Amino acid sequence: MTSPPGLRLTEEQQAVIACKASELVVNAFAGTGKTTTLRAYAAARPQSRILYLAFNKAIADEAGQSFSPHVECRTMHSLAYQAVGKRFRHKLGALRPSDLTRVYRELDVILAGFIVKALEAFMYGDTDAVQVEHVAPELAWSDRVQIAAAAQRIWTDLSNPNTPLPLPHDGYLKLYQLSRPRLARRYDIILLDEAQDTNLVTAAIVLGQPCTKVLVGDRHQSIYAFRGSVDAMRMLPSADVLYLTHSMRFGRFVAQAATNLLHYFKGETQTIVGRAAGAAPAEDIDPGKPYAIISRTNAGVFSRAVEALGSRKVYFVGGVENYLLGKLYDVHSIWAGKPELVQDPFYREFTDFSALSSYARDVEDKEIMALVGIVKDYKASLPSLIDEVVRAACETMQEADLYLMTAHRSKGLEFDQVLLDDDFFELVDKDGRPNRHELVDFDQEVNLLYVALTRAKVNLRFNRQYRAFHAAAASGALQPAAPQDSPPGAHVYLAEAAPAKATIDPRAATESGPGKEMAPVTTPELAARLIGRVERAMLSLALFSSEGIAGALGEPVDAVAAAIAAAIRDNAIAPALFANDPHVREASKRGL
C-alpha cells in the first residue's frame, strides 16, 4: 500500500500506512501529524468500511470534512445516542447530589455525593454492575458495600426513561456498552484517535470487535485519568507498535525540552525531533506580540486575568463562562454569609463555607476545591473582580493579544508564543528528587506540563517547575527514569526513531543497583521521608490521628508518628492536633 500521491510523508508515517497488522498501536508525539497519517492510512484502503472514532464532536466534524467518503467519522457518544440515548433525550443532564436528595428524602448531601461519585466511576468503567471498587476507598469497607448497593438501585432508576432523575451522557454510553454492540458487522477497520485518554467503556466496545483496530495517541498526553480514562494502547498486548517522532509544530528547542522532561521522569526512550521550518530557539516570549499563558488550574487562569486587567486584551480559550465564574458567585455568597444569593440548587445545600470546604475534601471534588481556593485568595473583592474580568474578555481570539487557558483546555491547540504559569505541580522536591507521593498522580502531572510546553511553536518561557527540574538534572541530583517498556508482548518497529538524548549532562548513576544490597531503612530515616506526605494527608483527607494517616499511606504507625513529632518540633504542625495521640506522644518522648 502506498501513500496518496502528492502528499509528503516521513518514513515513520509511510510505515504506518503500509502496516497490514490486524492490531496496530501508533505512538504519536506532539505535533507529529497523527491525523494526517490516519487520513493517508484510510485513503490507501478505499475498499474498506472504516470507522474513525474521535475524542469529541468538534474533531469528528472536522475529520468528516477531510477524510475520504468511505470513512465514517463519529464519536462513541454519537453512536450510543443513535442506538440508545435518544430514548432519554427528555431527561439528559448532569447528575448532582441535590438530584438524589430531592428524590430520596432519606439521603443527606454527603452520602448523596459519595453515591454520585460511585455512579460516575461505574459509568466510566467496564463492569456490568456497580461494585465496591467504585466507591471512595477512604471509607470503611461496610460503608462502601452499602453505598455500592444503593448506587446500583439508583442506577436502575437512572436508566429508566420514566423516572425524574437526569441521566448523564455517560449514562447512555454505559447502556450502549452493556448492550454489547457488534460494530464489526458494519466496519472492517476501526481507527481510535486519542487512544491514550479512552474511557474503559469505549475501550471495552472497541477492543472487543473482531475487525482490524488501529489505536493512535500519545501516551504522554494522557491527562484525563481523573475522569477514569485509561491508555487503551496498552490494552492490546499483541499489537504491532510504531512511532511518530518528527514534529512539524516546533523546532529543536521545544523538542529537546519535551524529550528531557519525558526522559527524566517517565523513562521515554524515543527522541522527539523538531522539524518545523523557521522555529529558532527562544527561551522567552516577546511581550509586544500576542502570546498564550497556560495554567494548571482555573484559579491560575483567573489570577492571570486579574493581573491583565487594563493592560492586555484577554481571550479565554473555551469561553469565559467555562472557567467556573458563575459558580464563583455562589461560593463567594456562601463565604459572605449570604445564602439567599446562591443560585445553584446544589450549593444551596450548604449553610456555611466550612461545610462546603469539608465536603470538597471529603469527596475529593477538585472543581469545588478550586472555587474555595479562589474565594479564600480574593475574599470580599472577588465579585467586582469577576465582573471586571467578564466585561473585559474578548469574544474572539482575533481581538486579543493574550490567550488564557488551563493545560487541559490547551490540548490540541498551538501558539507562536507560550508562557507556562507557575501553578503546576512541583515535580522535584527540595533535594531535586522526583516529588512522588500517594495523593497525586505524578505521571499525569508530568503529562500536563508536557502538553502545555508542546503547544509552543516558536517561543517558550519555562515556569518555576520546569526550571527546578532542569537544575536538578544538571546538578546530578535527578537521574533519568528507568526506560519505559512497550506494551507486554508487542512487536515494535522503528522506522526513524532514535534513543532518547538529553542535553542535560547528568552525573554518574548512584552506586546501588542490581546485585547490591540496600541498607535497611530506620524509623527516623523513613519519618524524614514521610513528613511531606503526612502533611498532605492531613490537608486533603482531614485525618488527624497517626493510625489513620498510616492506614491511608500504607506506612508503619511508628514512622508516621515520628514524622508528626518532628513536624511539631519544627512548628510545621500545631501540637494541639495530636495532643491525645499516644503514638505521637511516645515518639516525642524518644526524640524520633
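Residues numbered from 1 in each chain as written. Predicted model: local features only at pLDDT ≥ 70, side-chain atom pairs only at ≥ 80, totals over all residues. Heavy atoms only, no water.

- Under an unreviewed UniProt entry, the name given to the protein is DNA 3'-5' helicase, and the organism recorded is Noviherbaspirillum galbum.

1. Topic: unusual backbone geometry
Negative phi is the rule for most residues except glycine; trans is the rule for most peptide bonds.
Part 1 of the argument: The backbone of arginine 180 shows a phi angle near 55°, a positive value even though the residue is not glycine.
Part 2 of the argument: Mapped onto the elements, arginine 180 comes out in the loop between helix 8 (169-178) and strand 4 (189-192).
Part 3 of the argument: Overall, the relative accessible area of 46% leaves arginine 180 in the partly exposed class.
Part 4 of the argument: Here lysine 379, not a glycine, exhibits a phi torsion of approximately 50°, which is positive. (Helix = DSSP H or I, 4+ residues; strand = E, 2+ residues; numbered from the N terminus. Buried < 20%, exposed > 50% of the residue type's maximum accessible area, 1.4 Å probe, protein only.)

2. Let's talk about the pattern of salt bridges
Part 1 of the argument: Throughout the structure, instances matching the rule amount to 20 salt bridges.
Part 2 of the argument: Across the pair arginine 249 and glutamate 414 runs a salt bridge, and its minimum N-O distance is 3.0 Å. Residue arginine 249 is located in the loop between strand 9 (246-247) and helix 10 (252-266), and its partner glutamate 414 is located in the loop between helix 16 (407-410) and strand 14 (415-420); the two are separated by 165 residues in the primary sequence.
Part 3 of the argument: You can call glutamate 414 partly exposed: its relative accessible area is 39%.
Part 4 of the argument: Linking arginine 312 and aspartate 401 is a salt bridge whose minimum nitrogen-to-oxygen distance equals 3.5 Å. You can see arginine 312 sitting in the loop between helix 11 (298-308) and strand 12 (314-316) and its partner aspartate 401 sitting in the loop between helix 15 (382-392) and strand 13 (402-406), a full 89 residues away along the chain.
Part 5 of the argument: What you see here is one network of salt bridges that share partners, running through Lys34, Asp193, Glu194 and Lys411. (Salt bridge = Lys/Arg side-chain N within 4 Å of Asp/Glu carboxyl O.)

3. Some words on the environment of glutamate 12
Part 1 of the argument: With respect to the helices, strands and loops of the structure, glutamate 12 is situated in helix 1 (residues 11-18).
Part 2 of the argument: On the basis of relative accessible area, glutamate 12 is assigned to the buried category, the value being 2%.
Part 3 of the argument: Once the C-alpha coordinates of glutamate 12 and threonine 37 are considered, the two residues, 25 residues apart in sequence, prove to be 9.4 Å apart.
Part 4 of the argument: Of note is the side chain of glutamate 12, whose polar atom sits 2.7 Å from the side chain of threonine 245. (Polar contact = N/O pair within 3.5 Å; in protein donor to acceptor, adjacent residues only side chain to side chain.)

4. Considering the UniProt feature "binding site: ATP" (unreviewed entry) in the protein
Part 1 of the argument: Within this structure's numbering, the places UniProt gives as "binding site: ATP" (unreviewed entry) are Ala28, Phe29, Ala30, Gly31, Thr32, Gly33, Lys34 and Thr35.
Part 2 of the argument: Tracing the backbone through its elements, the reader meets phenylalanine 29 in the loop between strand 1 (23-28) and helix 2 (34-43).
Part 3 of the argument: Apart from residues lying up to four places away in sequence, phenylalanine 29 is in contact with Asp218, His220, Gln221, Tyr243, Leu244, Thr245, Leu262, Glu268, Gln270, Ile272 and Tyr450.
Part 4 of the argument: Discounting residues that sit within four places of it in the chain, alanine 30 has contacts with Asp218, Gln221, Ser247, Arg249, Phe250, Tyr450, Thr454 and Arg455. (UniProt positions renumbered as here; feature names shortened; annotations may be inferred. Contact = heavy atoms within 4.5 Å.)

5. Here we look at the sheet that holds strand 14
Across a sheet, strands are paired by hydrogen bonds formed along the backbone, either parallel or antiparallel in direction.
Part 1 of the argument: Here we have five strands laid out as an open sheet, ordered 12-13-11-14-15, and parallel in their pairing. Taken across any chain shown, the strands that pair with only one partner, and hence form the sheet edges, are strand 12 and strand 15 (456-461). The sheet shows a mean angle of 30° between the axes of neighbouring strands, direction not considered.
Part 2 of the argument: Examined bridge by bridge, strand 11 (residues 291-295) and strand 14 share three bridges and lie parallel to one another. (Pairing = 2+ DSSP bridges. Axes fitted to C-alpha atoms, helices over the stretch in contact; angles between N-to-C directions.)

6. Concerning empty space enclosed by the protein
Part 1 of the argument: All chains considered together, the criterion is met by two cavities of 30 Å³ or more.
Part 2 of the argument: Its volume calculated, the largest cavity comes out at about 40 Å³.
Part 3 of the argument: Around the largest cavity, the lining residues are Ala305, Ala308, Leu309, Arg312, Val314, Phe316, Val389 and Ala392.
Part 4 of the argument: A class-by-class count of the residues in the lining of the largest cavity yields seven nonpolar, no polar and one charged. (1 Å grid on protein atoms, 1.4 Å probe; cavity = no way out; pocket = protein on both sides within 12 Å on 5 of 7 lines; lining within 4 Å. Points joined across faces, edges and corners; volume = space filled by probe spheres on them. Nonpolar A, V, L, I, M, F, W, Y, C, P; charged D, E, K, R; others polar.)

7. With respect to the packing of aromatic side chains
Part 1 of the argument: Tallied over the entire structure, the rule returns 18 aromatic pairs.
Part 2 of the argument: Relative to phenylalanine 469, the ring of phenylalanine 265 has its centre 5.1 Å away and its plane inclined at 50°; by these criteria the two rings are tilted. You can see phenylalanine 265 sitting in helix 10 and its partner phenylalanine 469 sitting in helix 18 (residues 464-475), a full 204 residues away along the chain. Per residue, the accessibility class of phenylalanine 265 equals that of phenylalanine 469, and both read buried.
Part 3 of the argument: Considering the side-chain rings of phenylalanine 346 and tyrosine 347, the 5.0 Å spacing of their centres and the 75° angle between planes classify their relative orientation as edge-to-face.
Part 4 of the argument: According to the relative accessible area criterion, tyrosine 347 is buried, its value standing at 0%.
Part 5 of the argument: One cation-aromatic arrangement involves arginine 45 over tyrosine 41; the distance from NZ or CZ to the ring centre is 3.5 Å.
Part 6 of the argument: The ring of phenylalanine 346 carries the charged tip of arginine 96 above its face, separated from the ring centre by 4.4 Å. (Phe/Tyr/Trp six-rings, centres within 6.5 Å; stacked < 30°, edge-to-face > 60°. Lys NZ or Arg CZ within 6 Å of the ring centre and 35° of its normal.)

8. Some details on helix 18
Part 1 of the argument: Relative to the 16 Å expected for twelve residues at 1.5 Å per residue, helix 18 spans 16 Å between its end C-alpha atoms, a close match to the ideal helical length.
Part 2 of the argument: Where helix 18 terminates, the next one or two residues include glycine 476, which has phi positive at roughly 95°. (Expected span 1.5 Å × (residues − 1).)

9. A closer look at the environment of leucine 119
Part 1 of the argument: Within the secondary structure, leucine 119 is located in helix 6 (residues 109-124).
Part 2 of the argument: The buried category is assigned to leucine 119, whose relative accessible area is 0%.
Part 3 of the argument: Sequence separation between leucine 119 and isoleucine 147 is 28 residues; the distance between their C-alpha atoms is 10.0 Å.
Part 4 of the argument: Excluding residues within four positions of it along the chain, leucine 119 makes contact with Leu95, Val130, Ala151, Ile154, Trp155 and Leu158.

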